[in-house]
Amino acid sequence: MAVNTTPEAPLPVGEVSRLIGGWIDRLGAVWVEGQITQLSRRPGAGVVFLTLRDPSYDISVSVTCYRQVFDAVADVVSEGARVVVLAKPEWYAPRGQLSLRAAEIRPVGVGELLARLEQLKKALAREGLFAPERKKPLPFLPQLVGLVCGRASAAERDVLENARHRWPAVRFEVRNVAVQGVHAVPQVVQAVKELDALDDVDVIIVARGGGSVEDLLPFSDEQLIRTVAQCRTPVVSAIGHEPDNPLLDHVADLRASTPTDAAKKVVPDVGEEYERVRLLRDRARRCVAALVDREERGLAHALARPSIQDPHRMIDARADQVADLLDRARRCLRHQLDRADSELSHTHARVVALSPAATLKRGYAVLQRADGHAVRDPGEVTSGEALRARVSEGEFSVRVDT
């Protein structure tokens, strides 16, 4: 319920605390899941104090319970264990502190954890976070490798030693974090974000040694999975041993069975690369030698051809034929010209024989009137008409006398 207050009529702290307690008292009991981070069992005390933490959101709440409630699970529950608690919220007015009063505590078994992880895995898979097309290829030769691992851990030693043995020039940007317990998830998430923000980091390895399902549980946390899915830098998961399969393996761009395997998959072996270069160089040399040999044989075969050895041979062989054809052409042309000349002479003789000039040379004359027409009939002229007489050597005037 809302409370009407003013600066002139404020509520005392005790009243506010009492009202908050009244509101919280009206809340019913709830089942709460979390991880025990602090556990206090004083000898002879009838109440057990513990802190229940949500590692995904870094939120904690105090829990109290009667000793007989905790004694029922004391043999299987300790700090770091995940439990489910039936509790009712309580408000401690003198200190203004919220806590939970537990009526029942149940440890979360491995089977139940695996079932929940399977449900989370299916939900994330439906969102497409595990899709193969989302996975980014790793660089062939990373210059700077980001490493998220436990401080002075065997996983860190395996990755660094194997990577530097394979490629001594490789550099690492290491982030030491808690790899199990309540602080693991927020620290790993923060480390991954920091390395992803560095432009020089080419690939990120998240490594941890083997352990139980509960020990590896932080690497199946939904917050970590979504953080890795949003990374622009390729991420390699190297958690546990070959049988271990946290959800980080599915969202990572590459899964390595062990930290040592991660070093082998991320960094190339300098000896192998030298050998590969040598083999490729030898193969290139053999290919070039084979190509040169093939071209030399082809050139030798071409030079051995008669047309190359004696290029004038074909011309000389054809020279006589050309000369014969040329003589034949000349004879044919000369024959054609002689025959044409003879025909022309005969034609000319006929033309000359039939021409009027030849007739005039024999003593004949042609009479022409003034208009140029030749006189063919005596009746065509009149007495005294002037005519022109044309003879072989010229012409002269005549007059008709009848």
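Cut-offs used in this document
- Residues numbered from 1 in each chain as written.
- Predicted model: local features only at pLDDT ≥ 70, side-chain atom pairs only at ≥ 80, totals over all residues.
- Heavy atoms only, no water.
- Axes fitted to C-alpha atoms, helices over the stretch in contact; angles between N-to-C directions.
- Helix = DSSP H or I, 4+ residues; strand = E, 2+ residues; numbered from the N terminus.
- Parallel < 35°, antiparallel > 145°, perpendicular 65-115°, else oblique.
- Left-handed = near helix turned anticlockwise from the far one by under 90°.
- Contact = heavy atoms within 4.5 Å.
- Nonpolar A, V, L, I, M, F, W, Y, C, P; charged D, E, K, R; others polar.
- Disulfide = S-S within 2.5 Å.
- Buried < 20%, exposed > 50% of the residue type's maximum accessible area, 1.4 Å probe, protein only.
- Patch = residues over 30% accessible without salt bridge, like charges linked within 9 Å, V, L, I, M, F, W, Y side chains within 5 Å.
- Areas by Shrake-Rupley, 256 points an atom, 1.4 Å probe, with all protein chains shown as cover.
- Salt bridge = Lys/Arg side-chain N within 4 Å of Asp/Glu carboxyl O.
- Lys, Arg positive; Asp, Glu negative; His and termini not counted.
- Charge placed at Lys NZ, Arg CZ, Asp CG, Glu CD.
- Polar contact = N/O pair within 3.5 Å; in protein donor to acceptor, adjacent residues only side chain to side chain.
- 1 Å grid on protein atoms, 1.4 Å probe; cavity = no way out; pocket = protein on both sides within 12 Å on 5 of 7 lines; lining within 4 Å.
- Points joined across faces, edges and corners; volume = space filled by probe spheres on them.
- Core = buried A, V, L, I, M, F, W, Y, C linked by side-chain atoms within 4.5 Å.

Quick look at the packing of helix α4 (residues 154-166) against helix α8 (residues 259-266)
Between α4 and α8, the shortest axis-to-axis distance is 8 Å and the interhelical angle comes to 30 degrees. Considered as vectors, α4 and α8 are oriented roughly parallel to each other. Crossing of α4 over α8 shows right-handed handedness. Facing α4, whose interface residues are Ala 155, Asp 158, Val 159, Asn 162, Ala 163 and Arg 166, α8 presents Pro 259, Thr 260, Ala 263 and Lys 264. The residue makeup of the contact of α4 with α8, split by class, is 5 nonpolar, 2 polar and 3 charged.

Some points on the state of the cysteines
Enumeration according to the criterion identifies 0 disulfides in this entry. Of all cysteine sulfurs in the structure, the one in Cys 149 sits closest to Cys 231, which takes part in no disulfide; the separation is 16 Å. For Cys 231, a relative accessible area of 6% translates into the label buried.

A few points about a positive patch on the surface
Taken together, the side chains of Arg 328, Arg 330, Arg 331 and Arg 334 make up a positively charged region of the molecular surface. With respect to the helices and strands, Arg 334 occurs in helix α11 (residues 313-354). You can call Arg 334 partly exposed: its relative accessible area is 48%.

What to know about the side chain of Arg 53
Mapped onto the elements, Arg 53 comes out in strand β2 (residues 47-54). Residue classification places Arg 53 among the buried residues on the basis of a relative accessible area of 11%. Here Ser 60 takes part through its side chain, which lies 3.0 Å from a polar atom of the side chain of Arg 53.

Looking at empty space enclosed by the protein
Summed over the entire model, instances satisfying the criterion amount to 1 cavity of 30 Å³ or more. The calculated volume of the largest cavity comes to roughly 50 Å³. Here the lining of the largest cavity is composed, by residue class, of 5 nonpolar, no polar and 4 charged.

Focus: the nonpolar core
For soluble globular proteins, the rule of thumb is that nonpolar side chains tend to be buried together. Within the largest apolar cluster, 29 residues are counted, with the highest numbers of intra-cluster contacts made by Val 148, Val 188, Val 206, Phe 219, Leu 248 and Val 251. Mapped onto this core, the elements with two or more residues apiece are α3 (110-126), β6 (144-149), α5 (184-197), β8 (203-208), α6 (222-229), β9 (235-239) and α7 (248-251). At 6 residues, α5 tops the list of elements feeding residues into this core. Apart from residues no more than four positions distant in its own chain, Val 148 is found in contact with Arg 175, Val 177, Val 188, Ala 191, Val 192, Leu 195, Ile 204, Ile 205, Val 206 and Ala 207. Leu 147, Ala 155, Ala 238 and Ala 263 belong to the second largest nonpolar core, which has 20 residues in total.

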